[in-house]
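# Inside the fold
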Amino acid sequence: MTFNPNSQLDPGQVTDRRGMGGRGGIAIGGGGAIGLIVLLAYALLGGNPNDLGPLLEPGAVTGPGSSALATDCKTGQDANTRDDCRILGYVNSVQAYWTSEFTTSGETYKRVNTVLFTDATRSGCGTASATTGPFYCPTDRLVYLDLGFFDELRTRFGAQGGSLAEGYVIAHEYGHHVQDLLGNLGGGNGDTGAESQSVRTELQADCFAGVWASHAAGTGFLETPTAAQIADALDAAAAVGDDRIQKATSGQVDPDSWTHGSAAQRQTWFKTGYQTGDPTACDTFNGAI
């Protein structure tokens, strides 16, 4: 997705902790490479690392945010040429949309930061690590992201990649923040299954991501997405479907253990949001999904 080169980025919406984490304090259970994949799949796109209990042990180092983004990421042109500036641009665009949407509805959207880190860092939900994938923590109301995740998305989960695939991930996590503000987050209580509250929560965040994509150009940060770019977002959504992950890791699909929804479900709800551009069309909690 292409950014408006003249748009002005707000680096205050991203906290940069890259290079301040530590690998040594992280202990991963679950049996080698497969364990890493299962762990990533659990927390992928919205899971809570705190629920992983002893799988994650403390020991990561954190520090104050870096000023690099403030000096290097100033305009949409920077977002078109640098990975970290692009993430900043997506955060700005997503939050600009939800600020406007909440205002139109007579409500107030509370902006929250994305924390960029390398390897590991502390969060209000426990230790954030590269293996847990991006997530929103409702305790401290922050989004956590190791940029290396996007390499994992391509190499381990087979996604095609592309700029809007990254935008989808960011918009999904902020979809959880919107749910938090609306009181729709946390109803799953760790339940699983194709029709579970956990799956419904994740699919609504996918739908919210699609709604943002529908309005992205209207935020002033981005140009209208092309059909190919929307296809990249849909491909990313499918790549992290529970059935796709289970098939890749165990060769079997068990819908009773799903927490995020199938590849088809995730694509369907992103498309619902994108085609309608209406957050009220994202009611995944009533009826079939």
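As shown above, the structure is provided for reference.
Attention here is on the structure that accompanies the text. (Residues numbered from 1 in each chain as written. Predicted model: local features only at pLDDT ≥ 70, side-chain atom pairs only at ≥ 80, totals over all residues. Heavy atoms only, no water.)

### A short note on the pattern of salt bridges
Applying the stated criterion across every chain yields a total of ten salt bridges. As a salt-bridge pair, Asp-83 and Arg-86 come within 2.7 Å of each other at their nearest N and O atoms. One end of the pair is Asp-83 and the other is Arg-86, both in helix H4 (residues 83-104) and three residues apart, which spans about a single turn. A relative accessible area of 13% means that Arg-86 is categorised as buried. Note that Arg-200 is salt-bridged to Glu-195, the shortest N-O span being 2.7 Å. We classify Arg-200 as buried; its relative accessible area is 8%. Each of Asp-16, Arg-18, Asp-72, Arg-82 and Asp-84 takes part in one network of salt bridges that share partners. (Salt bridge = Lys/Arg side-chain N within 4 Å of Asp/Glu carboxyl O. Helix = DSSP H or I, 4+ residues; strand = E, 2+ residues; numbered from the N terminus. Buried < 20%, exposed > 50% of the residue type's maximum accessible area, 1.4 Å probe, protein only.)

### Some remarks on the environment of Asp-151
Along the chain, Asp-151 turns up in helix H5 (residues 149-155). Overall, Asp-151 belongs to the partly exposed group, its relative accessible area being 41%. Each C-alpha atom of the pair Asp-151 and Gly-161 lies 8.4 Å from the other, and the pair is ten residues apart in sequence. Of note is the side chain of Asp-151, whose polar atom sits 2.4 Å from the side chain of Arg-154. (Polar contact = N/O pair within 3.5 Å; in protein donor to acceptor, adjacent residues only side chain to side chain.)

### Concerning unusual backbone geometry
If you check the backbone angles, Asp-119 has positive phi at about 75° while not being a glycine. Relative to the helices and strands, Asp-119 resides in the loop between strand S2 (114-117) and strand S3 (120-123). Phi at Arg-141 takes a positive value of approximately 50°, unusual for a residue other than glycine. Its location among the elements puts Arg-141 in the loop between strand S5 (135-137) and strand S6 (142-145). Overall, Arg-141 belongs to the partly exposed group, its relative accessible area being 27%.

### Things to note about helix H8 (residues 227-239)
Given 3.6 residues to a turn, an α-helix orients residues that are three or four positions apart in the same direction. Compared with an ideal rise of 1.5 Å per residue, which puts 13 residues at 18 Å, H8 spans 18 Å between its outermost C-alpha atoms and is within 8% of the ideal. Counting buried residues along H8, ten of its 13 residues qualify, which places the element largely inside the surrounding structure. Residues of H8 that are buried include every one of Gln-229, Ile-230, Asp-232, Ala-233, Leu-234, Asp-235, Ala-236, Ala-237, Ala-238 and Ala-239, and no others. Buried residues along H8 sit against H5, helix H6 (163-182), helix H9 (242-250) and helix H10 (263-276). (Expected span 1.5 Å × (residues − 1). Contact = heavy atoms within 4.5 Å.)

### Examining the nonpolar core
Counting residues in each nonpolar core, the largest one holds 59 residues, and the members touching the most others are Tyr-168 and Trp-212. Elements represented by at least two residues in this core include exactly H4, S6, H5, H6, helix H7 (197-215), H8 and H10. If one sorts the elements of this core by residue count, H4 sits on top with nine residues. Excluding anything up to four places from it in sequence, Trp-212 contacts Met-1, Tyr-90, Ser-93, Val-94, Tyr-97, Leu-164, Gly-167, Ala-171 and Leu-222. (Core = buried A, V, L, I, M, F, W, Y, C linked by side-chain atoms within 4.5 Å.)

### Thoughts on the sheet that holds S5
If you walk across this open sheet you meet the four strands as S1-S2-S6-S5, and the pairing is mixed. Lying at the two open borders of the sheet, with one neighbouring strand each, are strand S1 (14-17) and S5. The sheet shows a mean angle of 25° between the axes of neighbouring strands, taken without regard to direction. As judged from the three bridges shared by S5 and S6, these two strands associate in the antiparallel manner. (Pairing = 2+ DSSP bridges. Axes fitted to C-alpha atoms, helices over the stretch in contact; angles between N-to-C directions.)

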